[in-house]
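The lines below spell out each chain.
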Amino acid sequence: MKVTNMIGAGIILVISITIGQSKYLEDVESTLIIFQLWKSEYGKQYQSVEEEEGKFQIFRDNLKWINQLNDEYSGFTEYAVNKFADMSKEEFMAKILMVSRPYPKHNKDRILQMDRIDDIPETFDWTTQGKVTSVKDQGSAGSCWAFSTIGNIEGQWAMMGKKLTNFSVEQIVDCDGTEDIVHEHADCGIYGGWPYLAYQYVMKAGGLESWDDYPYCCGLGGGPGTCFTCPAPSYNKTLCGPPIPWCNMTQSCVFKVDKSKFVPGLKVIDWKLVEQNESAIAEVLIKYGPLSVALDARLLQFYHRGVFKSRLCSKASLDHAVLLVGYGTDKSLFETTPYWKVKNSWGAKWGESGYFRIERGTGMCGINTQVTTAFLQE
Ligand SMILES: *[C@@H]1O[C@H](CO)[C@@H](O)[C@H](O)[C@H]1NC(C)=O
Ligand SMILES: *[C@@H]1O[C@H](CO)[C@@H](O)[C@H](O)[C@H]1NC(C)=O
Ligand SMILES: *[C@@H]1O[C@H](CO)[C@@H](O)[C@H](O)[C@H]1NC(C)=O
Ligand SMILES: *[C@@H]1O[C@H](CO)[C@@H](O)[C@H](O)[C@H]1NC(C)=O
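Residues numbered from 1 in each chain as written. Chains lettered and ligands numbered in written order. Predicted model: local features only at pLDDT ≥ 70, side-chain atom pairs only at ≥ 80, totals over all residues. Heavy atoms only, no water.

We quote the UniProt Sequence similarities (unreviewed entry) comment for the protein chain here in full: "Belongs to the peptidase C1 family." (UniProt positions renumbered as here; feature names shortened; annotations may be inferred.)

**Student:** Run through the UniProt feature "domain: Peptidase C1A papain C-terminal" (unreviewed entry) in the protein chain, naming residues and quoting values.
**Tutor:** UniProt records the feature "domain: Peptidase C1A papain C-terminal" (unreviewed entry) for residues 120-375 in the present numbering. Counted over residues 120-375, helix gives 21% and strand 22%. Its end C-alpha atoms are 23 Å apart. (Helix = DSSP H or I, 4+ residues; strand = E, 2+ residues; numbered from the N terminus.)

**Student:** So what's going on with the site of ligand 3? Which residues, and what values?
**Tutor:** If you check the shell around ligand 3, you find N248, T250 and Q251 and nothing else. Separating an oxygen atom of ligand 3 from a side-chain N or O atom of N248 is a distance of 2.4 Å. Contact distances for ligand 3 include 3.1 Å between an oxygen atom and a side-chain N or O atom of Q251. Compared with its free state, where it exposes 360 Å², ligand 3 has 26% of that area covered by protein. (Near = heavy atom within 4 Å. Polar contact = N/O pair within 3.5 Å; in protein donor to acceptor, adjacent residues only side chain to side chain. Areas by Shrake-Rupley, 256 points an atom, 1.4 Å probe, with all protein chains shown as cover.)

**Student:** Describe the environment of P245, listing the residues and the values that go with them.
**Tutor:** Within the secondary structure, P245 sits in the loop between helix 7 (237-240) and helix 8 (253-256). Taking relative accessible area as the criterion, P245 reaches 72% and is therefore assigned exposed. Placed 14 residues apart in sequence, P245 and P231 show a C-alpha to C-alpha distance of 9.8 Å. (Buried < 20%, exposed > 50% of the residue type's maximum accessible area, 1.4 Å probe, protein only.)

**Student:** Got a sec to walk through the site of ligand 2? Specific residues and values, please.
**Tutor:** Around ligand 2, the neighbouring residues are E179, I181, N236, T238 and L239. In this structure, E179 approaches ligand 2 through a side-chain N or O atom, which is 3.1 Å from an oxygen atom. Between ligand 2 and the protein, one listed contact pairs an oxygen atom with a side-chain N or O atom of N236 at 2.4 Å. With the chains in place, 50% of the 360 Å² that ligand 2 exposes on its own is no longer accessible. Here the residues of the shell around ligand 2 are counted per class, giving 2 nonpolar, 2 polar and 1 charged. (Nonpolar A, V, L, I, M, F, W, Y, C, P; charged D, E, K, R; others polar.)

**Student:** Quick one: what's the story with the packing of aromatic side chains, residue by residue and with numbers?
**Tutor:** Inspection of every chain in the model, using the stated rule, returns 25 aromatic pairs. With 6.4 Å between their ring centres and 10° between their planes, F35 and Y46 make a pair best called stacked. Taken together, the residues span a long stretch of sequence, with F35 in helix 1 (residues 28-42) and Y46 in the loop between helix 1 and helix 2 (49-72) at a distance of 11 residues. In this structure, F35 and Y46 share a single accessibility class: buried. Measuring from centroid to centroid gives 6.2 Å for Y303 and F356, while their planes differ by 70°, and the two rings are edge-to-face. On the criterion of sequence distance, the pair formed by Y303 in strand 11 (residues 303-308) and F356 in strand 15 (residues 355-359) is long-range, its members being 53 residues apart. Residue class for Y303 comes out buried when judged on its relative accessible area of 1%. Among the residues examined, F356 registers a relative accessible area of 0% and is labelled buried. Within the aromatic cluster, the residues linked to one another by ring pairs are F35, W38, Y42, Y46, F56 and F59. Cation over ring: K89 sits above W65, and NZ or CZ is 4.3 Å from the ring centre. One residue, K341, lies across the ring of Y355, its end atom 4.8 Å from the ring centre. (Phe/Tyr/Trp six-rings, centres within 6.5 Å; stacked < 30°, edge-to-face > 60°. Lys NZ or Arg CZ within 6 Å of the ring centre and 35° of its normal.)

**Student:** Which residues make up the layout of surface pockets, and what are the values?
**Tutor:** Roughly 1300 Å³ of internal volume is contained in the largest pocket. Taken together, 49 residues make up the lining of the largest pocket; nearest its centre are K95, I96, G139, S140 and A141. For the lining of the largest pocket, the leading source of residues is helix 3 (residues 89-95), giving 4 residues. For the lining of the largest pocket, a count of residues per class yields 25 nonpolar, 13 polar and 11 charged. (1 Å grid on protein atoms, 1.4 Å probe; cavity = no way out; pocket = protein on both sides within 12 Å on 5 of 7 lines; lining within 4 Å. Points joined across faces, edges and corners; volume = space filled by probe spheres on them.)

**Student:** Run through the state of the cysteines, naming residues and quoting values.
**Tutor:** Summed over all chains, the structure comprises 5 disulfides. Here C175 is linked by a disulfide to C253, with a sulfur-sulfur distance of 2.2 Å. The sign of the S-S torsion, about 105°, decides the handedness of the disulfide formed by C175 and C253: right-handed. A residue pair is termed long-range when its members are at least 10 positions apart, and C175 in helix 5 (residues 169-175) and C253 in helix 8 qualify at 78 residues. Note on C175: relative accessible area 8%, which makes it buried. Disulfide pairing is shown between C188 and C240; the S-S distance is 2.1 Å. Between C188 and C240 the disulfide shows an S-S torsion of about -75°. By sign, it is left-handed. Here the residue C188 occupies a position in the loop between strand 8 (185-186) and helix 6 (195-205), and C240 occupies one in helix 7, the gap between them amounting to 52 residues. When the bonded cysteines of the protein chain are numbered from the N-terminus onward, they pair as 1-8, 2-6, 3-4, 5-7, 9-10. (Disulfide = S-S within 2.5 Å.)

**Student:** An account of the environment of D109 is requested, with residue identities and associated values reported.
**Tutor:** Among the structural elements, D109 can be located in the loop between strand 5 (101-102) and strand 6 (124-125). Among the residues examined, D109 registers a relative accessible area of 59% and is labelled exposed.

**Student:** Can you lay out empty space enclosed by the protein for me, pointing to particular residues and giving the numbers?
**Tutor:** For the coordinates displayed, the defined rule picks out 4 cavities of 30 Å³ or more. Taken as a whole, the largest cavity holds about 120 Å³ of empty space. In this structure, the largest cavity is lined by 17 residues; those nearest its centre are F147, S148, G151, K343 and S345. At the level of secondary structure, the elements contributing two or more residues to the lining of the largest cavity comprise helix 4 (144-159) and strand 13 (320-331).

Listed below in structure tokens is the structure:
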């Protein structure tokens, strides 16, 4: 048995069957070894033997699923065991993703009007140009939408020549209960939300604190620094569902937000939607900076590297918001695949150092349906 150390950042083990193709062994003994190694790698502990047995079953099913995905997308996308390996698809959807919803529709006058740029480079990446902060980890909260919003605003700030700064995601999660009654969307804290509504919250609030002044705490899963934040003051129960039954008012927006700490000069004054044409999106990305996007991310659970694409994801229902930072073309032996480079909020150990690449030009998983950006006061 040849056990290879396949993943740089993690340990995880595979058995090489033929050169260039790796597969997890699926028999119980091998799976148990991989499970033990994975547990120590990720510091996993379970409350009881029963829980551990249940998690082991899920882990086994996931290894089989990963093997299938690797067979199917061989040469394009690699899948591997990661921190989500003991979560069933259903648990991943419930805890990490947002409830899947048809993408919000906006009025025509929301669409960003821009002159076409004729010659755009073949590859482009804002991460190498100081417009993107470090990769963060949303942890156990459905707060991706706040990370996506903040990523865009951080980029807009840096595009103005200001110092690249981590802004407060927690302020958005805690304080933003913006609703769009007409279209029946609302921002619901740890239960999900939409960047286009979060821009409106920042406009109304008048600014944002920095991450250091108002650090992230809602997704820390009970570890040091965890907070049990209460719903935002304008939380809409009809649209969001029942609020958290246990929460701590002194760890919530009304007690914590401090206008005197708002980053001086940072004001969101407007927001725009980018049309769905992916050539146009590339041009807007280059001209305006990193853009907030959303997609159906159910099949990203075990993404490891390569260009992600799937036959099974939805182009119309979205469950995860992220940040578009660049694009390029992957040239393999068999095919060339245009891709987008996207910053995720699942930690720097996930995917390609916290990023993923997804096929560009085919509306893959709805990546082109909810492309938005804030506008800042100069
Ligand atoms: C943002 O925060 C991270 C820690 O999460 C830190 O390493 C980084 O230097 C900060 N600043 C920027 C601009 O990313
Ligand atoms: C919450 O949303 C519902 C459904 O869109 C709406 O009818 C209601 O007015 C909202 N409630 C509050 C308190 O804003
Ligand atoms: C509520 O939060 C405050 C401030 O973090 C803390 O001191 C207090 O112990 C918490 N209360 C409960 C019941 O957890
Ligand atoms: C998309 O935009 C490009 C240029 O940015 C244009 O040439 C093309 O015709 C557009 N495609 C559609 C379907 O509108």
